[in-house]
Amino acid sequence: DSAILAGDMAQRDCLPPVEAWPQRPLLLTQEEEEGGGGKVVLANDPEKGWAKIDSDVFEGRALFFVRLPECHAKYAAAEAYFRGRKRLAGILLVGRFKRRLSMNDFIVGNDWQQINIPGRSQKSLLMNCIRQFLPHITLEVGPKCTRFFAPVVLDCKAMCAKPLAAMAHTTATHPAPSPSPLPSLLGVEEDCTAIFGDARPRSAEQRRRYFKTESHRKAHYFETDHEYTFEFYQHTMDFTSYRFLGIPLLGRLVNFTWILRGQPFQFCLRAKSSVVCRFHFWSERLLRWNNGGQKNDAH
C-alpha cells in the first residue's frame, strides 16, 4: 500500500494556497487516481457538491456535510442538516454495485503512512476511547502503514436498499428530476426490507447488532439489481480544526495533527483491497505540521 498512501503527501504538495480555499479553513478533495492529485469538492452544497464515484465495483455519488464556522452559515442545507444535532460531519452515499459483493468485503476507513505514536498514557487513553466508542473498528498500526477501517454495514448510521425494478415503477408513476431520486438532505431512513424481508432486523441498531457476526456479513451480498443509500456521520472530530471534541480530556491532551504527521482524515471505500473512492478532509491547522517541527501539543 505504500505507493497508494504516498498520495496523501503528494496531494498536500498540490493543494491550492489556503487563501484560495472556497470553504477555508476546510478543503475537501477527491482523489482522482490512486497516488495522484485531487479535485476540490464543495461540502454542504446539494446543487454543486455531489461528487461522482465510478469504480470497477461501484458507481454512484456522495454529498458531504461538515460543520463550518459561522461565516459559512450561507449554506442553508447544512444549517438544516445540523440543526438540533451534535454531529460534526455527515456523508450521504447513493449508488449501485456493478458486480455482486459480499457485505463483509465492502469497508470504509482510513489509510495513513507512518504516524507518530503518542506517549504511554496518551496512547492508553486513545485506545480506550476507540474500544469504547468504536468497538467495530479494526486498527492496524505498523512501522510504515496504519489502517483504521470497518465494514460499511457496521459503520453506516442508516442504510436503505431498493430493487431497481421497483424504483423504475415509482419513477414512471411520479416522474423525478433525476434517474434515481436523491436521499433526503435531512438523513436516510433505515429500510433493509429488500435484504432481510419482514422478519429480520428493522432498525439501524438491530442491523448493526446482526452484522457484528462475521458469518452474517458473509452470508449477505450487495446485489447488482438494487440501489443502496448509506448515511455516515460522526460527532467527535472537528475537521476544520482537527480537534477531538467527543471527549474533552482527549481533545486537550492529544494533538491529532502531530499523530497523523499532517496527513488528513479520509472517507475511503474499499471492495476487499481495491479502492472504490477516497476523499480527504484538509484543514488549515493540519498544514502546520512540518516534519517534526510541531510537538505533540494539543494547543
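Since the structure is predicted, the reported quantities are computational estimates derived from the model, not experimental observations.

### What to know about the overall build of the chain
If you tally the helices and strands in the chain, you get 10 helices and 16 strands. Relative to its 299 residues, the chain shows a buried fraction of 52%. A separation threshold of at least 6 residues defines the contact pool for the chain, and within that pool the share at least 24 residues apart is 72%.

### Some thoughts on the environment of Val-254
Here Val-254 shows up in the loop between helix H9 (248–253) and helix H10 (256–259). Judged by its relative accessible area of 3%, Val-254 falls in the buried class. Considered as a pair, Val-254 and Pro-118 are 136 residues apart in the sequence and their alpha carbons are 8.0 Å apart.

### Considerations on the packing of aromatic side chains
What the rule picks out here adds up to 28 aromatic pairs. Arranged with centres 6.0 Å apart and planes meeting at 75 degrees, the rings of Phe-222 and Phe-230 form a pair that is edge-to-face. Here Phe-230 falls in the buried class, since its relative accessible area comes to 0%. An angle of 15 degrees between the planes, with centres 4.2 Å apart, marks the rings of Phe-239 and Phe-281 as stacked.

### What about helix H7 (residues 204–211)?
All of the buried residues along H7 are Ala-204, Arg-207, Tyr-210 and Phe-211. Seen from one end, H7 has its buried residues packed into an arc of 125 degrees, which puts them on one side. Against helix H4 (152–155), strand E10 (158–163), helix H6 (193–196) and helix H8 (214–219) lie the buried residues of H7.

### A few points about unusual backbone geometry
Residues Arg-24 and Pro-25 are joined by a peptide bond in cis, for which omega reads 20 degrees. With respect to the element layout, Pro-25 can be found in the loop between helix H1 (2–14) and strand E1 (26–31). Of note, Tyr-242 is a non-glycine position whose phi angle comes to about 55 degrees, a positive value. The phi torsion at Arg-261 lies on the positive side, around 55 degrees, for a residue other than glycine. Along the chain, the position of Arg-261 falls in the loop between H10 and strand E15 (265–271). Owing to a relative accessible area of 23%, Arg-261 belongs among the partly exposed residues under this scheme.

### With respect to empty space enclosed by the protein
The tally for this structure, following the rule as stated, stands at one cavity of 30 Å³ or more. Approximately 40 Å³ is the volume found for the largest cavity. What lines the largest cavity is Ile-107, Val-108, Gly-109, Asn-110, Asp-111, Arg-147, Phe-148, Phe-149, Cys-268 and Arg-270. At the level of secondary structure, the elements contributing two or more residues to the lining of the largest cavity comprise strand E7 (106–112), strand E9 (146–151) and E15.

### Section: the environment of Val-108
With respect to the secondary-structure elements, Val-108 resides in strand E7. Overall, the relative accessible area of 7% leaves Val-108 in the buried class. For Val-108 and Phe-148, which are 40 residues apart along the polypeptide, the C-alpha to C-alpha distance reads 8.5 Å. Not counting residues within four places of it along the chain, the set of residues in contact with Val-108 comprises Phe-148, Phe-149, Ala-150, Val-152, Asp-155, Phe-232, Phe-267, Cys-268 and Leu-269.

### Topic: the pairing of strand E16 (residues 274–283)
Burial analysis of E16 places nine of its 10 residues in the buried class, the great majority of the element. As defined by bridge partners, E1 adjoins E16 across five bridges and the pair is classed as antiparallel. Bridging from a neighbouring strand, Leu-27 pairs with Trp-282 of E16. Taken together, the seven bridges between E15 and E16 define a ladder with antiparallel strand orientation. By the bridge assignment for E16, Cys-268 is matched with Arg-278. Connecting E15 to the antiparallel partner E16 that follows it, the hairpin turn spans two residues, and Lys-272 within it adopts a positive phi of roughly 60 degrees.

### As for the sheet that holds E7
Strand pairing in a sheet takes place through backbone hydrogen bonds and is either antiparallel or parallel in direction. In space, the seven strands of this open sheet follow the order E2-E1-E16-E15-E7-E9-E8, with antiparallel pairing throughout. Only two strands of the sheet have a single neighbouring strand rather than two, namely strand E2 (38–41) and strand E8 (138–141). Going across the sheet, the axis of each strand differs from the next one's by a mean of 25 degrees, ignoring polarity. The pairing of E7 with E15 spans four bridges and is antiparallel. Within E15, the residue paired with Phe-106 across the bridge is Ala-271.

### So, the confidence of the model for the chain
Summing up the model confidence of the chain, the mean pLDDT is 83 and the portion of residues at 70 or higher is 81%. Contacts from residues 2–6, a stretch scored under 50 in pLDDT, to residues over four places away or in other chains number nine contacts. Low pLDDT (under 50) marks residues 171–181, which in the prediction has 10 contacts with non-local residues, meaning those over four places away or in another chain.

Cut-offs and rules
- Residues numbered from 1 in each chain as written.
- Predicted model: local features only at pLDDT ≥ 70, side-chain atom pairs only at ≥ 80, totals over all residues.
- Heavy atoms only, no water.
- Helix = DSSP H or I, 4+ residues; strand = E, 2+ residues; numbered from the N terminus.
- Buried < 20%, exposed > 50% of the residue type's maximum accessible area, 1.4 Å probe, protein only.
- Contact = heavy atoms within 4.5 Å.
- Phe/Tyr/Trp six-rings, centres within 6.5 Å; stacked < 30°, edge-to-face > 60°.
- Arc of directions from axis to C-beta.
- 1 Å grid on protein atoms, 1.4 Å probe; cavity = no way out; pocket = protein on both sides within 12 Å on 5 of 7 lines; lining within 4 Å.
- Points joined across faces, edges and corners; volume = space filled by probe spheres on them.
- Pairing = 2+ DSSP bridges.
- Axes fitted to C-alpha atoms, helices over the stretch in contact; angles between N-to-C directions.
- pLDDT = per-residue confidence, 0-100.

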